[in-house]
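Fold and geometry: a report
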Amino acid sequence: MATSTIVQKPRMSFWQIFNMSFGFLGIQFGFALQTGNASRILQTFGADVENLSLFWLAAPITGMIIQPIIGHYSDRTWTRLGRRRPYFLTGALLSGVALLFMPNSSMLAAIIPPIVVGAGMLMIMDASFNVAMEPFRALVADNLPDSQHNDGFSMQTCLIGVGAVIGSWLPYVFANWLGVSDTAPKGHVPNNLLFSFYIGALTLIGSILWTVIKTKEYPPEEYAKFHEPEMEEKEKKSGLVQIFSDLFSMPKTMWQLGIVQFFSWFALFSMWVYTTPAIAEHVYHIKPGDTSSHAYNAAGNWVGVLFGVYNIVSAAYALLLPRIVRKSSRKKTHAFSLTMGGLGLISIFFIQNDYLLILPMVGIGLAWGSILAMPYAILSSAIPAKKIGVYMGIFNLFITMPQIVSGVSGKFLMKYIFSDHAVYGLIMAGGFMVLGAVSVLFVQDGKKIQIIETPLIEAP
């Protein structure tokens with residue numbers, strides 16, 4: 001039997017990894033604007049608290065459909081621009097357009113109800129983020145050797161944190177430091193949000209272009225040297241048939257991580273949907289339905305600051321994760337992080353001072369930093385290299401499904417169990433985060449990552 005020699009991928013320098021990951025800063029800038037302000041914008045356009053989760057459903061449903069397809073075809077795309085870059089460039093352009101239009105939905109009020117336009121823009125925005133995001137994660141596994149996977153995903157998480165901090169704090173900065181109005185006539189979005197979304201669109205497109213220009217991908221013949229046995233296998237199935245085949249033959253580790261992701265992302269989705277109304281009612285004591293007063297918008301601006309805090313923590317934590325993992329393990333590190341996030345969410349119920357709300361954000365930041373890095377580091381070591389794109393896309397099902405379940409159940413829980421008190425949605429989110437911490441201890445992570453101390457070689 002003929003044997004093949006597999007060449008070790010060259011290790012990449014710090015700045016090569018930075019340039020390859022820089023686009024994530026812009027993606028998360030836009031994503032932070034969405035997660036921190038979508039509920040606020042939708043309420044401005046007329047959505048009530050018990051229906052908020054249903055409007056948010058459009059985002060994960062589109063992601064569930066798009067991600068596996070994008071992953072499948074990005075594995076098979078070889079163009080002059082590269083393998084993954086065409087996808088996240090397209091996603092960036094579409095996301096930028098959605099960021100420009102969502103807060104301006106009231107401009108079409110004479111033709112279409114603003115709430116419909118806003119929900120539609122939320123769907124397009126999230127779908128576009130999905131088009132851009134998973135090919136980015138696959139790019140790390142494509143270009144980095146196994147010994148640098150933790151470093152690559154941690155760098156992504158760090159830049160995600162930086163972008164999210166800027167995106168989360170910008171509305172507050174405009175309103176409180178630059179004097180831009182944070183109130184507007186009923187049914188309209190205030191200028192501090194409008195300007196933030198405009199800057200977010202430009203930052204997103206610019207950062208993606210930086211990565212596209214500064215990062216190269218291995219051409220097919222060179223990529224085959226690193227994964228030759230896997231590249232020799234010929235697949236005769238096509239399109240959706242192959243995607244479903246891959247879905248039902250995914251590695252055991254991936255299924256186990258899927259359970260962890262279900263609990264984690266159910267919690268995150270609930271947090272993003274309910275934090276603004278929960279803080280407005282529970283801490284600022286604003287009556288339900290008041291969405292145009294200065295007090296309500298001040299609460300919304302402060303939620304942006306709080307989200308920025310947990311993203312600062314996640315960015316700093318991401319830089320420490322590789323060292324923590326070497327001292328402990330990926331599973332224990334992730335379990336600890338999720339536990340801290342769960343306790344942080346639950347503790348919000350016991351806080352009445354807006355400044356003390358910063359404390360729970362520390363725990364949430366630890367969880368967010370780990371969620372963005374550890375599952376992907378574990379997964380990338382457990383799946384075939386030639387199927388990284390499609391499996392990263394399929395893995396997104398374990399992110400979108402819990403959001404769909406949370407969105408569908410949220411209306412009934414909020415109305416019949418929580419009596420429209422959004423703070424109970426945050427307690428529920430904390431409980432799910434703790435369940436994720438328990439479940440990660442049962443994940444099979446047998447891959448031994450060898451840290452190869454060799455001189456850095458210029459890689460693409």
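The sections below set out a description of the structure shown in this document. All figures in this text were calculated on a predicted structure; none of them were measured in a lab. In this numbering scheme, every chain counts its residues from 1 along its sequence in written order. Owing to the predicted nature of the model, reporting of local features is limited to residues with pLDDT of at least 70; listing and counting of side-chain atom pairs is limited to 80 or more, with chain, interface and lining totals taken over all residues. With hydrogens and water excluded, all non-hydrogen atoms of the structure serve as input to the side-chain values.

The next point concerns the overall build of the chain. When you go through the chain residue by residue, the secondary structure sums to 19 helices and 0 strands. Looking at the 460 residues of the chain, the share that counts as buried comes to 61%. Note on contacts: a residue pair is in contact if any heavy atoms of the two residues lie within 4.5 Å. Taking the contacts inside the chain whose residues are at least 6 apart along the sequence as the reference set, 85% of them involve residues at least 24 apart. As displayed, the chain offers around 18,100 Å² of accessible surface, 68% of which is attributable to carbon and sulfur atoms. Put simply, DSSP H or I for four residues or longer makes a helix, DSSP E for two residues or longer makes a strand, and each gets a number counted from the N terminus. Residue burial is assigned from relative accessible area. The probe radius is 1.4 Å, only protein chains are included, and a residue is buried under 20% of its type maximum, exposed over 50%, and partly exposed in between. Residue-level accessible areas treat just the shown protein chains as cover; the underlying method is Shrake-Rupley with a 1.4 Å probe.

Between helix α1 (residues 14–21) and helix α8 (residues 191–214), the least distance of the axes is 7 Å, while the angle of their chain directions is 130°. With respect to their mutual orientation, α1 and α8 come out oblique. Here N19, M20 and S21 of α1 come into contact with α8, specifically with W210, T211 and K214. Following the grouping adopted for this structure description, the nonpolar residues are Ala, Val, Leu, Ile, Met, Phe, Trp, Tyr, Cys and Pro, the charged ones are Asp, Glu, Lys and Arg, and the polar ones are all others, Gly among them. Taken together, the residues of the contact of α1 with α8 break down into 2 nonpolar, 3 polar and 1 charged. A fitted line through C-alpha atoms represents every axis, and for helices the fit uses only the stretch in contact; the resulting angles, taken between N-to-C directions, go from 0 to 180 degrees. We call two directions roughly parallel when the angle between them is under 35 degrees, roughly antiparallel when it is over 145, roughly perpendicular when it lies between 65 and 115, and oblique otherwise.

We now examine the packing of aromatic side chains. Centre distance within 6.5 Å is the pairing criterion for rings of Phe, Tyr and Trp, where only the six-membered ring of Trp is used; planes under 30 degrees apart are then read as stacked, over 60 as edge-to-face, and the remainder as tilted. Overall, the coordinates contain 27 aromatic pairs when judged by the stated rule. Taking 6.0 Å as the distance between ring centres and 80° as the angle between the ring planes, the aromatic pair formed by F262 and F263 counts as edge-to-face. Looking at F262, the relative accessible area reads 26%, which means it is partly exposed. A ring pair is formed by Y310 and W368, whose centres lie 6.4 Å apart and whose planes are at 90°; its orientation type is edge-to-face. Separated by 58 residues along the polypeptide, Y310 in helix α13 (residues 294–327) and W368 in helix α15 (residues 358–371) bring together distant segments of the chain. Exposure class is identical for Y310 and W368. Each is buried. Site record: aromatic cluster; members linked through ring pairs are F31, F129, W265, W272, F307, Y310 and W368. A cation over a ring is seen here: K214 above W210, with NZ or CZ 5.2 Å from the ring centre. Remark: a charge is flagged as sitting over a ring if the NZ atom of Lys or the CZ atom of Arg is within 6 Å of the ring centre and within 35 degrees of the ring normal.

Throughout this description, the term salt bridge denotes a Lys or Arg side-chain nitrogen within 4 Å of a carboxyl oxygen of Asp or Glu. Following the criterion strictly, the structure yields 6 salt bridges and no others. With a closest N to O distance of 2.7 Å, D142 and R84 form a salt bridge. Separated by 58 residues along the polypeptide, D142 in helix α6 (residues 114–143) and R84 in the loop between α4 (58–74) and α5 (85–101) bring together distant segments of the chain. Using a relative accessible area of 3% as the deciding quantity, one classes D142 as buried. You can call R84 buried: its relative accessible area is 0%. As a salt-bridge pair, R326 and D151 come within 3.8 Å of each other at their nearest N and O atoms. Here R326, found in helix α13, pairs with D151, found in helix α7 (residues 149–176); they are 175 residues apart in sequence, far enough to count as distant.

On to helix α2 (residues 23–44), then. A helix's residues, less one, multiplied by 1.5 Å, set its expected span. In this model, α2 (22 residues) spans 31 Å end to end at C-alpha, consistent with the 32 Å of a helix rising 1.5 Å per residue. The largest bend along α2 measures about 50° and falls at N37. A large share of α2 lies buried, amounting to 22 of its 22 residues. Of the residues trailing α2, G46 is marked for its positive phi of about 120°. We define the bend at each residue as the angle formed by axes fitted to the 7 residues ending at it and the 7 residues starting at it.

Across the interface, helix α12 (residues 252–282) lies against helix α19 (residues 423–440) with an axial gap of 7 Å and an inter-helix angle of 160°. Regarding the angle of α12 to α19, the classification is roughly antiparallel. Handedness of the α12/α19 crossing: left-handed. Of the residues contributing to the contact of α12 with α19, the split by class is 18 nonpolar, 7 polar and no charged. A crossing counts as left-handed when the near helix is turned anticlockwise from the far one by less than a right angle, and as right-handed when that turn is clockwise.

Moving on: the nonpolar core. Remark: nonpolar core denotes a set of buried residues (Ala, Val, Leu, Ile, Met, Phe, Trp, Tyr, Cys) joined through side-chain atoms within 4.5 Å. In terms of nonpolar packing, the biggest core is built from 120 residues, with I27, I208, M254, W272 and W368 touching the most fellow members. Setting aside chain neighbours within four positions, we find W368 in contact with Q28, F31, I160, W265, L268, W272, Y310, N311 and S314.

This part covers unusual backbone geometry. What is expected of a backbone is that most residues other than glycine have negative phi and most peptide bonds are trans. Phi is positive for S419, which is not a glycine, with a value near 55°. One can find S419 in the loop between α18 (397–417) and α19. Although it is not a glycine, D420 sits at a positive phi angle of roughly 65°. Secondary-structure assignment places D420 in the loop between α18 and α19.

Next up on the list: the environment of F195. Looking at the secondary structure, you find F195 in helix α8. Assessed through its relative accessible area of 34%, F195 is described here as partly exposed. As a C-alpha pair, F195 and P103 span 92 residues in sequence and 9.7 Å in three-dimensional space. What F195 contacts, discounting residues up to four positions off in sequence, is F174 and V180.

Here we take up the environment of M340. Within the secondary structure, M340 sits in helix α14 (residues 330–347). A C-alpha to C-alpha distance of 9.3 Å links M340 and G430, two positions 90 residues apart in sequence.

All right, on to α12 then. In a regular helix each residue adds 1.5 Å, so 31 residues correspond to 45 Å; α12 covers 43 Å between its end C-alpha atoms and thus fits that length. Taken as a whole, α12 carries its principal kink of about 50° at Y274; the proline P277 stands between one and four residues after it. Within α12, 26 of the 31 residues are buried, which leaves it mostly tucked inside the rest of the structure.

The analysis is restricted to geometry; functional conclusions fall outside its scope.
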